[in-house]
Amino acid sequence: MLELDAITAGYDRLAPVVRDFSLRLAPGEAVGLLGPSGCGKSTVARVAALLHRPYAGRVVLDGEPVRGWRYSAPRAQRTAVGVVFQQPRMSADPRLTLHALIAEPLRANGRGGEADARVGELSDAVGLTRDLLARRPHEVSDGQLQRACLARALVLRPRWLVCDEMTAMLDASTTAALVAVVEEYRRGEGAGLLAVSHDPVLLSRWCARTVVWADTVPAV
Ligand SMILES: Nc1ncnc2c1ncn2[C@@H]1O[C@H](COP(=O)(O)OP(=O)(O)OP(=O)(O)O)[C@@H](O)[C@H]1O
């Protein structure tokens, strides 16, 4: 279970953007988080991905309360969650080839020996041809780079996946392709998914359950 329990978070302790937010995600479950621009969805996504320390509340991952964030999170917790953001160019090191980008979490966890096999498998799954793997981010399209970012999020076989507006800047066919990759992974591995979006149609097609921001956050 991935549990967010009464989370208060933001960028100014005196004016948090997320107040008292709770959500429970079961293994294999796909949950959408829907809300208007600027309401705090990405902040929740970053808390769920152990990238942003909340001011108050608890995150519990598979029964273990999270006590460290970003690189201070224990490796077992950090690697249990994969995350894909809206803007691939902001989350991709421009110096790396797509192959190195996808393999980065393996290398960071001392598993570089698995890189070639795993990158091959994943590039097929996300629809990246081999010639693209030798290119750097500035030499590929946004959609191709987002495919690589999704492959990177899956490379360690996370039990939890957080997709924060993953398809917001993509065309309809790339959106459908990437959602299908996530769904195949989720079903195959029994992973839990938190899909954040402002698009109710996308979430209603993608997720069994959608949490609507206004229903969850008390007026302040
Ligand atoms: N690094 C930051 N420093 C200060 N304020 C921030 C920072 N990131 C976000 N905010 C503010 O926090 C609020 C919530 O932002 P957040 O990105 O979580 O919203 P969102 O619902 O994901 O929006 P969108 O759908 O537009 O991405 C916004 O008012 C935003 O301006």
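A few points on the structure. The model shown is predicted, which means the values in this text are computed figures rather than measured ones.

**Notes on the sheet that holds strand β7 (residues 160-164)**
- If you trace the five strands from one edge of the open sheet to the other, you get β6-β7-β8-β3-β9, paired in parallel fashion. At either margin of the open sheet sits one strand with a lone partner, and together these are β6 (81-84) and β9 (209-212). The average undirected angle you get between the axes of adjacent strands in this sheet is 15 degrees.
- Inspection of the sheet shows strand β3 (residues 30-34) paired to β9 by four bridges, in the parallel sense. Residue pairing across strands places Gly32 opposite Thr210, the latter belonging to β9.
- This element, helix α7 (residues 142-154), spans β6 and β7 of the sheet and lies at about 170 degrees to β6.
- Sitting on the sheet, helix α8 (residues 172-189) touches β3, β7 and β8 (192-197), and the angle it makes with β7 is about 160 degrees.

**Brief notes about helix α5 (residues 115-126)**
- With 12 residues, α5 should cover 16 Å at 1.5 Å per step; its first-to-last C-alpha distance of 16 Å lies within 8% of that length.
- Residues Arg118, Val119, Leu122, Ser123 and Val126 constitute the buried set of α5. The buried residues of α5 all sit within an arc of 130 degrees when viewed along its axis, so they share a single face. Residues Asp116, Ala117 and Asp124 are exposed on α5 and point more than 90 degrees away from its buried face.
- Looking at the buried side of α5, the elements it contacts are α4 (98-108), α6 (130-133), α7 and α8.
- Looking one or two residues past α5, Gly127 carries a phi angle of roughly 85 degrees, positive in sign.

**Notes on the environment of Val60**
- When you line up the elements, Val60 lands in strand β4 (residues 56-61).
- Judged by C-beta crowding, with 14 C-beta atoms within 10 Å, Val60 ranks as partly exposed.
- When the C-alpha positions of Val60 and Ala15 are compared, they lie 24 Å apart, and in sequence the two are 45 residues distant.
- Ignoring anything within four residues of it in the chain, the contact list for Val60 reads Glu3, Asp5 and Pro65.

Rules and cut-offs
- Residues numbered from 1 in each chain as written.
- Predicted model: local features only at pLDDT ≥ 70, side-chain atom pairs only at ≥ 80, totals over all residues.
- Pairing = 2+ DSSP bridges.
- Helix = DSSP H or I, 4+ residues; strand = E, 2+ residues; numbered from the N terminus.
- Axes fitted to C-alpha atoms, helices over the stretch in contact; angles between N-to-C directions.
- Contact = placed C-beta atoms within 7 Å.
- Expected span 1.5 Å × (residues − 1).
- Buried ≥ 20, exposed ≤ 12 C-beta atoms within 10 Å, placed from the backbone.
- Arc of directions from axis to C-beta.

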